[in-house]
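Residues per chain are reported as follows:
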Amino acid sequence: MKKLLAVFLILSSVLVMSCQNSSTEKPNPPAAQAIQLVEVRDVHSFANPAQVRVKHVDLNLDVLFDRKVLKGSATLTIERKQADANELKLDTRDLKVSKAETSSDGNNFAATKFALGQADKILGTPLTVELPAQATKVRIEYETSPTASGVQWLQPAQTAGKQYPYVFTQSQSIHARSWIPLQDSPGVRVTYSATIRTPSGIRAVMSAEEIDGAPKLGEFSFNMRQPIPSYLIALAAGDIAFKSLGKRTGVYTEPAMMDKAAKELEDTEKMIEATETLYGPYRWGRYDILVLPPSFPYGGMENPRLTFATPTILAGDKSLVSLIAHELAHSWSGNLVTNATWRDFWLNEGFTTYLERRIVEAVYGRDTEEMQAVLGRQTLEALLTKFDPRDQILHVDLDGRDPDDGSTEVPYEKGALLLRYLEETVGRDKFDQFLKGYFDSFAFQSIATADFRAYLQKNLLDANPQLSAKISSDVLDEWIEKPGLPASTPKPQSNAFTNVEAQAKAWLAGKPAASLDTKAWTTQEWLHFFQRLPAKLSEPQMKDLDQAFGLTNSGNAEIAHVWLLISIRNNYATAYPRLEEYLTTIGRQKLIKPLYEELVKTPAGKQRAKAIFAKARAGYHPIAQTSVGKIVNG
Ligand code: BES
Ligand code: ZN
């Protein structure tokens, strides 16, 4: 019996060791030859990483639903870059800081002086902590504000189950500072650990590995051992269940949402395999997806190991799962190789949109991919006609502006078109190899636009005179530093859309909607159909479409979105109750902001917008409250 136990112990420890050593769980070694990166200043942070750099963040937080507060401490492990540095500068926003302590051995902490500076509307408030010469750790005791810009607190009524409250964070771009005092710059990478305490019945999840066997009920421990930028630190807590989808993937969501979510997301493992084939191993261990309540202000957020996603992608036919391809792609473009500052954001989103399309092509075929690429270019071009030239630039100057304002179709779609242009010019095989090398070379680093250009030059162009003549630095300047789209911009082409266009034409010529050939149309085909219609439609035309396709009551959030937009434009009153229901349940900004923008174009619409916003506001995320508030009141 003893012998058996010993064998078991040895076996299990070998198992544990081999798990720990598996390539997916350990931090990757730095690239063989470290590439010298350019130094760039982050205008969106008060921190002083060039003097003292935070390397690890250890959180110890209580989730206090009744006060809408996270309360506890953040212990920061620091590294001196300048030996005589005697203060640590951190970013905060609306934090109540009660104490700062330092330690030189990690065990004994002594109080130190700290000061909160002048608050800036965009950047928040700098926190300066005095550092004794030997200090290696800094512990800040603090609590968040109930209106923290990076935290949304939900009433039970805003959840699917209606029983428990819910809370989630959204740190990108500069909102981590509203719930953690830290160096909130994408150029500063940290590992992190956390202990989170919640009321009974509430599970906490984070963008990190969960250390299981929680010793106490309601206490959750996490560890992220790969260095990540602060905007990827994330927490959610609520009545959250889990279901496995594959060997390293699964879905977290409220129990009432589970079956629908698990079915829709069943191809996730296939997507990971497709991406690994193209761009090298997935380096984060598990890839799980948290499907949030509908007030989540974004479509998705690539929090490492745990993508946060809106439930509005659950269309029932997988036609919106390209969003998962997108967030998964960030595990290479963004989380592995990160923009050093927010003006380099296109390195995150342009690359990711390009990767997203390649994953969709690999898993669902070229036709599906091209539909999405065509829609992407259409949306971009429509936007460019309205945009200030300086906002059409990939390497955009965001000094003095909120980095969230830089999150437009330009970094996404223009960035993806640049990569597609490079692919088409260089050839797919060669370009794939190049990208794989790029992700390897810069893995776990934060890089600037100039670093990408230098790498491209050295690894793709220098050795090939023909290519460097075509992809000259003038051409690259035109793409990266100038407004508009170059003449060489690739033109995606979709055969499926040819039929959609024919149907739109036939209907406009008088063919009844019910007799159109719309069988098995995906979301993208519907979106394209609506794009082909003129802005003004008559009441009978609206009725004809609505009665044939049940558009007002569509459960597909994207289709409902365009239909409601058209309804507002054409004053189609039948859709107004649905419009109100839509705007008071969904908080995804991409879906609600254009509806408010359309409403405020007429005096009657503006009144309606104000009335709906008054009801909806409390249910929106702080970021959406502000952005919609500007539309309705501005
Ligand atoms: N990282 C972004 C979301 C984001 C960007 C949040 C900037 C805050 C500031 C995420 O990867 C994303 O791009 N989401 C898109 C979906 C995607 C399929 C285009 C979204 O939320 O709509
Ligand atoms: Zn993205």
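The structure presented is a predicted model; accordingly, all values stated were derived computationally and were not measured.

## Some words on the coordination of the zinc ion (ligand 2)
Phase 1 of the analysis: Only His326 (NE2), His330 (NE2), Glu349 (OE) and Glu349 (OE) from the protein coordinate the zinc ion (ligand 2), and they sit 1.9 to 2.7 Å from it.
Phase 2 of the analysis: For the zinc ion (ligand 2), the six donor atoms are set out with angles of 54 to 159° between them, so the coordination reads as irregular.
Phase 3 of the analysis: Of note, the donors binding the zinc ion (ligand 2) are all from one chain and are spaced H-x3-H-x18-E. Here histidine 326 is found in helix H4 (residues 322–329), whereas its partner glutamate 349 is found in helix H5 (residues 345–364), with 23 residues between them in sequence. Accessibility assignment for this pair places histidine 326 and glutamate 349 in one class, buried.

## As for the side chain of threonine 353
Phase 1 of the analysis: Tracing the chain through its elements places threonine 353 in helix H5.
Phase 2 of the analysis: Of the residues examined, threonine 353 reaches a relative accessible area of 2% and is grouped as buried.
Phase 3 of the analysis: Of note is the side chain of threonine 353, whose polar atom sits 2.8 Å from the backbone oxygen of glutamate 349.
Phase 4 of the analysis: Excluding residues that lie within four positions of it along the chain, threonine 353 makes contacts with His326, Tyr412, Glu413 and Ala416.

## A word on the pattern of salt bridges
Phase 1 of the analysis: Under the defined criterion, the tally for this structure stands at 45 salt bridges.
Phase 2 of the analysis: Where arginine 358 meets glutamate 423, a salt bridge forms, and the shortest distance between an N and an O atom there is 3.7 Å. Linking arginine 358 in helix H5 with glutamate 423 in helix H7 (residues 409–426), this pair joins segments that are 65 residues apart in sequence. Just as arginine 358 is buried, glutamate 423 falls in that class too.
Phase 3 of the analysis: A salt bridge links arginine 366 to glutamate 369; its shortest N-O distance comes to 3.9 Å. On the criterion of helical spacing, the pair formed by arginine 366 and glutamate 369 is a turn pair, its members being three residues apart in helix H6 (residues 366–384).

## Concerning unusual backbone geometry
Phase 1 of the analysis: With an omega dihedral of 0°, the bond running from glutamine 172 to serine 173 counts as a cis peptide bond.
Phase 2 of the analysis: For serine 173, the location among the structural elements is in the loop between strand S10 (166–169) and strand S11 (189–197).
Phase 3 of the analysis: One non-glycine residue, lysine 318, lies in positive phi territory at about 65°.
Phase 4 of the analysis: Lysine 318 gets classed as partly exposed once you look at its relative accessible area, which sits at 24%.
Phase 5 of the analysis: Non-glycine residue phenylalanine 444 carries a positive phi angle of around 60°.
Phase 6 of the analysis: Its place among the elements puts phenylalanine 444 in the loop between helix H8 (428–441) and strand S22 (445–447).

## Description of the sheet that holds strand S7 (residues 125–130)
Phase 1 of the analysis: Spatially, three strands are ordered S3-S7-S6 in an open sheet, and the strand pairing comes out antiparallel. Among the strands making up the open sheet, the edge pair consists of strand S3 (87–92) and strand S6 (114–116). Between one strand and the next, the sheet's axes are offset by a mean angle of 20°, whatever the strand orientation.

## Overview of the site of ligand 1
Phase 1 of the analysis: Neighbouring ligand 1 are 18 residues, the closest being Gln172, Gly299, Glu302, Glu327 and Tyr412.
Phase 2 of the analysis: The contact in question runs from an oxygen atom of ligand 1 to an N or O atom on the side chain of glutamate 327, over 2.7 Å.
Phase 3 of the analysis: A distance of 3.1 Å separates a nitrogen atom of ligand 1 from a polar atom in the side chain of glutamate 349.
Phase 4 of the analysis: The fraction of the free accessible surface of ligand 1 (530 Å²) that becomes covered by protein chains is 89%.
Phase 5 of the analysis: Looking at the shell around ligand 1, the elements with two or more residues in it are strand S19 (300–301), H4 and H5.

## Looking at H4
An α-helical turn contains 3.6 residues, so a residue and the one three or four places further along point in the same direction.
Phase 1 of the analysis: In terms of burial, H4 is a largely internal element, eight of the eight residues being buried.
Phase 2 of the analysis: Taken residue by residue, H4 has Ser322, Leu323, Ile324, Ala325, His326, Glu327, Leu328 and Ala329 as its buried positions.

## Some thoughts on the sheet that holds strand S8 (residues 137–143)
Phase 1 of the analysis: The eight strands lie next to each other as S5-S4-S8-S2-S1-S11-S14-S13, forming an open sheet whose pairing is mixed. Taken across any chain shown, the strands that pair with only one partner, and hence form the sheet edges, are strand S5 (110–111) and strand S13 (209–211).
Phase 2 of the analysis: Where strand S2 (residues 69–80) lies against S8, seven bridges are found, and the strand directions are antiparallel. Residue threonine 77 lies in a different strand from S8, and its bridge partner there is lysine 137.

## Observations regarding helix H12 (residues 496–508)
Phase 1 of the analysis: The end-to-end C-alpha separation of H12 is 19 Å, in line with the 18 Å expected for 13 residues at 1.5 Å each.
Phase 2 of the analysis: Within H12, burial applies to Phe497, Val500, Gln503, Ala504 and Trp507. On an axial view of H12, the arc spanned by its buried residues comes to 115°, and they lie on one face. Across H12 from its buried face, at more than 90 degrees, point the exposed residues Thr498 and Lys505.

## Brief notes about the packing of helix H14 (residues 539–549) against helix H15 (residues 557–569)
Phase 1 of the analysis: Two numbers describe how H14 lies on H15: the axes approach to 11 Å, and their chain directions differ by 160°. With respect to their mutual orientation, H14 and H15 come out roughly antiparallel. The element H14 and its partner H15 pack so that their crossing is left-handed. Contacts between H14 and H15 pair Met542, Leu545 and Asp546 from the former with Trp563, Ile566 and Ser567 from the latter.

## Considerations on the confidence of the model for the protein chain
Phase 1 of the analysis: Model confidence for the protein chain is summarised by a mean pLDDT of 94, while 94% of its residues fall at 70 or above.
Phase 2 of the analysis: Element-level pLDDT for the protein chain is lowest in helix H1 (residues 2–21), with a mean of 40, against a maximum mean of 99 in strand S20 (residues 306–309).
Phase 3 of the analysis: In the predicted structure, residues 1–31 sits below a pLDDT of 50 and forms 20 contacts with residues beyond four places in sequence or in another chain.

## Focus: the environment of asparagine 60
Phase 1 of the analysis: As for its placement among the helices and strands, asparagine 60 is situated in strand S1 (residues 52–64).
Phase 2 of the analysis: Separated by twelve residues in the primary sequence, asparagine 60 and glycine 72 place their C-alpha atoms 5.5 Å from one another.
Phase 3 of the analysis: The residues touching asparagine 60, leaving out its near neighbours within four places in the chain, are Lys71, Gly72, Ser73, Thr195 and Arg197.
Phase 4 of the analysis: There is a polar contact of 2.5 Å between the side chain of asparagine 60 and the side chain of arginine 197.

## Here's the deal with the packing of aromatic side chains
Phase 1 of the analysis: The full count for this structure, using the stated rule, is 34 aromatic pairs.
Phase 2 of the analysis: Relative to phenylalanine 452, the ring of tyrosine 438 has its centre 5.9 Å away and its plane inclined at 85°; by these criteria the two rings are edge-to-face. Taken as a pair, tyrosine 438 in helix H8 and phenylalanine 452 in helix H9 (residues 449–461) lie far apart in primary sequence, 14 residues in all. No difference in accessibility class separates tyrosine 438 from phenylalanine 452, as the two residues are buried.
Phase 3 of the analysis: In this structure, arginine 139 packs its charged tip against the face of phenylalanine 109, placed 4.1 Å from the ring centre.
Phase 4 of the analysis: The ring of tyrosine 576 has arginine 608 sitting right over it, with the charged end atom 3.8 Å from the ring centre.

## Looking at the pairing of strand S18 (residues 287–291)
Phase 1 of the analysis: Within S18, five of the five residues are buried, which leaves it mostly tucked inside the rest of the structure.
Phase 2 of the analysis: Residues Tyr287, Ile289 and Val291 line one face of S18 and the alternating positions Asp288 and Leu290 line the opposite face, and both faces are buried.
Phase 3 of the analysis: For strand S17 (residues 249–253) and S18, the ladder comprises four bridges, and the chain directions are parallel. Residue pairing for S18: tyrosine 252 is matched across the bridge by leucine 290.
Phase 4 of the analysis: With four bridges connecting them, S18 and S20 associate as parallel partners.

Procedures and definitions
- Each chain has its residues counted from 1, running along the sequence as written.
- Here the convention is simple: chains get letters from A, ligands get numbers from 1, in the order in which they are written.
- Totals for whole chains, interfaces and linings use all residues, but because this is a predicted model, local features are given only for residues with pLDDT of at least 70 and pairs of side-chain atoms are given and counted only at 80 or more.
- Working from all heavy atoms in the structure, the side-chain values ignore hydrogens and water.
- Sodium, potassium and calcium take a 3.2 Å donor cutoff, other metals 2.8 Å, and in both cases only N, O and S atoms count; water is not among them, so sites may look incomplete.
- Just to be clear on the cut-offs, tetrahedral is four donors with all angles between 85 and 135 degrees, square planar is four donors and octahedral six with opposite donors over 155 degrees apart and all others between 65 and 115, and anything else goes down as irregular.
- Under the scheme used here, helices are H or I runs from DSSP no shorter than 4 residues and strands are E runs no shorter than 2 residues, and both carry numbers assigned from the N terminus.
- Burial status follows relative accessibility: with a 1.4 Å probe on protein chains alone, a residue under 20% of its type maximum counts as buried, one over 50% as exposed, and anything between as partly exposed.
- Polar contact criterion, stated in full: a pair of N or O atoms within 3.5 Å, where within protein one must be able to donate a hydrogen and the other to accept it, and residues adjacent in sequence count only if both atoms are side-chain atoms.
- The contact criterion used throughout is that any non-hydrogen atoms of two residues lie within 4.5 Å.
- The term salt bridge refers to a pairing of a side-chain nitrogen on Lys or Arg with a carboxyl oxygen on Asp or Glu at a separation within 4 Å.
- Criterion used throughout: strands pair if DSSP finds at least two bridges between them.
- Axis geometry follows a simple rule: fit a line to the C-alpha atoms, using only the stretch in contact for helices, then measure angles between N-to-C directions, giving values from 0 to 180 degrees.
- If a single non-hydrogen atom of a residue is within 4 Å of a molecule or strand, that residue counts as near it.
- Computed with a 1.4 Å probe, the accessible areas rest on the Shrake-Rupley method; for each residue, only the protein chains presented here act as cover.
- For a helix, the expected span equals 1.5 Å multiplied by the number of residues minus one.
- Working definition: the arc comes from the directions between the helix axis and the C-beta atoms, pointing outward to the latter.
- An angle counts as roughly parallel when it lies under 35 degrees, as roughly antiparallel when it exceeds 145, as roughly perpendicular when it falls between 65 and 115, and as oblique in every other case.
- Note on convention: near helix rotated counterclockwise from far helix by under a right angle means a left-handed crossing. Clockwise means right-handed.
- Looking at any residue, its pLDDT shows the predictor's confidence there, from 0 to 100.
- Pairing of aromatic rings covers Phe, Tyr and Trp, the last through its six-membered ring, and needs centres within 6.5 Å; plane angles under 30 degrees mean stacked, over 60 mean edge-to-face, and all others mean tilted.
- Two thresholds decide whether a charge sits over a ring: the Lys NZ or Arg CZ must be within 6 Å of the ring centre and within 35 degrees of the ring normal.

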